Amino acid sequence: VIRAIGDLQNDIERVTGVKPALKTSEELASYEIVIGTLGNSKLIDQLVSTGKLETKELKDKWESFVIKTIPNPLPNAKQWLVIAGSDKRGTIYGIYELSQQLGVSPWYYWADVPVKKRPSAYVLAGRYASGEPKVKYRGIFINDESPSFTGWCNARFGGVNSKMYAHMFELLLRLKANYLWPAMWGNAFNEDD
């Protein structure tokens, strides 16, 4: 979740030129993006207990998220944009949904999809719930592993290694996927580096 938040910071900077600060403390400002997982975030759970955030789309669900604007969430806060997940992947998928709505394609790295720059970005007030995925396991099978993929990885990353897979895993999460068939043509996924 923290890594995906870092990607959201970078995505906001890609679009607006301004990188928002990451706060993990209780010191919150009047306007914030608040991100957390139901049952694992004191702040999200506090919003639930005070009736500011409904959980019917999250409780006992698989990989689901809610994105909601909440006016006056706490006494000194004016408005928050809240991303709450039913589990870690649900929270991550909510983060990347915001990035995609901002204009950053999941394929920005792999297909060089340009990011449209603009001086500011706005969120319409309301609530969006993803619902559970219709297909439980969704992913990528790396086909044509050698020579195409392996040659590209060797030239770009020095091999089919964790440097490449960091980008692959980010793509999977941005696409709301949860499964990978790794490249195994002459490679040992868990032992190569």
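Refer to the structure presented above.
Before going into details, it helps to say that this report is about the structure given with it. (Residues numbered from 1 in each chain as written. Predicted model: local features only at pLDDT ≥ 70, side-chain atom pairs only at ≥ 80, totals over all residues. Heavy atoms only, no water.)

Examining the side chain of S105
For clarity, the cut-off: Secondary structure elements follow DSSP: runs of H or I no shorter than four residues count as helices, runs of E no shorter than two count as strands, and numbering proceeds from the N terminus. Residue burial is assigned from relative accessible area. The probe radius is 1.4 Å, only protein chains are included, and a residue is buried under 20% of its type maximum, exposed over 50%, and partly exposed in between. The definition of a polar contact used here is a pair of N or O atoms within 3.5 Å, where within protein one atom must be able to donate a hydrogen and the other to accept one, and adjacent residues in sequence count solely through side-chain atom pairs.
Considering the arrangement of structural elements, one finds S105 in the loop between helix 3 (88-102) and strand 4 (127-129). Judged by relative accessible area, S105 falls into the buried class, the value being 17%. Only 2.9 Å separates the side chain of S105 from the backbone nitrogen of W107, close enough to count as a polar contact.

Topic: unusual backbone geometry
Backbone phi values are negative for most residues with the exception of glycine, while trans is the configuration of most peptide bonds. Cis rather than trans, the peptide bond between S146 and P147 has omega equal to 15 degrees. Within the secondary structure, P147 is located in helix 4 (residues 145-157). Positive phi is not limited to glycine here, since D112 has a value of about 55 degrees. If you trace the backbone, D112 turns up in the loop between helix 3 and strand 4. If you check the backbone angles, K176 has positive phi at about 60 degrees while not being a glycine. By the element assignment, K176 lies in the loop between helix 5 (162-174) and strand 6 (179-181).

Section: the layout of surface pockets
Space left empty within the atom packing is revealed by a probe, the size of a water molecule, rolled over the atoms. Applicable threshold: Two kinds of site are reported from a 1 Å grid over the protein atoms alone, namely cavities, where a 1.4 Å probe fits but cannot get out, and pockets, open sets with protein on both sides within 12 Å along at least five of seven lines, and residues are called lining when an atom falls within 4 Å of a point. Grid points are joined across faces, edges and corners, and a volume is the space filled by probe spheres set on the points. When residues are grouped by polarity, Ala, Val, Leu, Ile, Met, Phe, Trp, Tyr, Cys and Pro land in nonpolar, Asp, Glu, Lys and Arg in charged, and all others, Gly among them, in polar.
Within this model, the largest pocket holds a volume of roughly 1,600 Å³. Lining the largest pocket are 46 residues, with E32, I33, V34, L81 and L98 positioned closest to its centre. The set of elements that each furnish at least two residues to the lining of the largest pocket consists of helix 1 (2-16), strand 1 (31-37), helix 2 (42-49), strand 2 (65-71), strand 3 (79-85), helix 3 and strand 4. At 7 residues, strand 1 tops the list of elements feeding residues into the lining of the largest pocket. Grouping the constituent residues of the lining of the largest pocket by class yields 26 nonpolar, 12 polar and 8 charged.

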